[in-house]
Amino acid sequence: MLQTANPNSPVHSFIFGRKLLDYDRVAAMNFEERMASYEAQLNLILQKDPNTKSCFIVPGTINFGEPGSQAEAQAQCTNSVRFEIQKGIYTLDGAPFYSYTLPNE
């Protein structure tokens, strides 16, 4: 899912399930190689969707946070993404929050 408070900005938060990543493929790699592989894997997912095909993960922005099923990274998009307003979710200023959920494949 891409989320943003500013749909006109080229950079958005990409919230993703950790199960999307192939951890076995990177088991023998060092940290930098693993992160580059994760970024490449996420880029492939973004580029499969017509609405996010111009988006790519900003290098070094993957954050796994606390143990759990989700992680976050920053995605930069060359073309505009068609977002929808997230009902009931607002910024501290009261502005609406926007999201786009990629199809579940």
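You'll find the structure just up there.
Presented here is an overview of the structure given in this document. Keep in mind it's a predicted model, so treat the numbers as computed, not measured. (Residues numbered from 1 in each chain as written. Predicted model: local features only at pLDDT ≥ 70, side-chain atom pairs only at ≥ 80, totals over all residues. Heavy atoms only, no water.)

Digging into the side chain of threonine 52
Mapped onto the elements, threonine 52 comes out in the loop between helix 1 (31-48) and strand 3 (55-57). A distance of 2.6 Å separates a polar atom in the side chain of threonine 52 from the backbone oxygen of leucine 46. What threonine 52 contacts, discounting residues up to four positions off in sequence, is Leu2, Leu46, Gln47, Tyr100 and Leu102. (Helix = DSSP H or I, 4+ residues; strand = E, 2+ residues; numbered from the N terminus. Polar contact = N/O pair within 3.5 Å; in protein donor to acceptor, adjacent residues only side chain to side chain. Contact = heavy atoms within 4.5 Å.)

Remarks on the sheet that holds strand 4 (residues 70-77)
Spatially, 3-4-2-1-6-5 is the arrangement adopted by the six strands of the open sheet, whose pairing is antiparallel. Unpaired on one side and paired on the other, strand 3 and strand 5 (84-90) mark the two borders of the sheet. Sheet twist, expressed as the mean angle between neighbouring strand axes with direction ignored, is 35°. The pairing of strand 1 (residues 2-4) with strand 2 (residues 11-17) spans two bridges and is classified as antiparallel. Within strand 2, the position partnered with leucine 2 by the bridge is phenylalanine 14. Sitting on the sheet, helix 1 is in contact with strand 2, strand 3 and strand 4, with an inclination near 165° to strand 3. (Pairing = 2+ DSSP bridges. Axes fitted to C-alpha atoms, helices over the stretch in contact; angles between N-to-C directions.)

Considering the nonpolar core
Core analysis: the biggest nonpolar cluster contains 21 residues, and Leu2, Phe14, Phe16 and Ile62 have the highest contact counts within it. Counting only elements with at least two residues in this core, the list comes to strand 2, helix 1, strand 3, strand 4 and strand 6 (96-100). What isoleucine 62 contacts, discounting residues up to four positions off in sequence, is Phe16, Met35, Tyr38, Glu39, Leu42, Ile57, Glu72 and Ala73. (Core = buried A, V, L, I, M, F, W, Y, C linked by side-chain atoms within 4.5 Å. Buried < 20%, exposed > 50% of the residue type's maximum accessible area, 1.4 Å probe, protein only.)

Thoughts on helix 1
Along its 18 residues, helix 1 runs 26 Å from first to last C-alpha, staying within 8% of the 26 Å computed at 1.5 Å per residue. Of the positions making up helix 1, those classed as buried are Met35, Ser37, Tyr38, Glu39, Gln41, Leu42, Asn43 and Leu46. Turning to helix 1, the residues buried within the fold contact strand 2, strand 3 and strand 4. Capping the start of helix 1, asparagine 30 holds a side-chain oxygen 3.1 Å from the backbone nitrogen of glutamate 32, two or three residues further along. (Expected span 1.5 Å × (residues − 1).)

Side note on the pattern of salt bridges
Applying the stated criterion across every chain yields a total of one salt bridge. Aspartate 22 is the salt-bridge partner of arginine 25, the closest N and O atoms lying 3.8 Å from each other. (Salt bridge = Lys/Arg side-chain N within 4 Å of Asp/Glu carboxyl O.)

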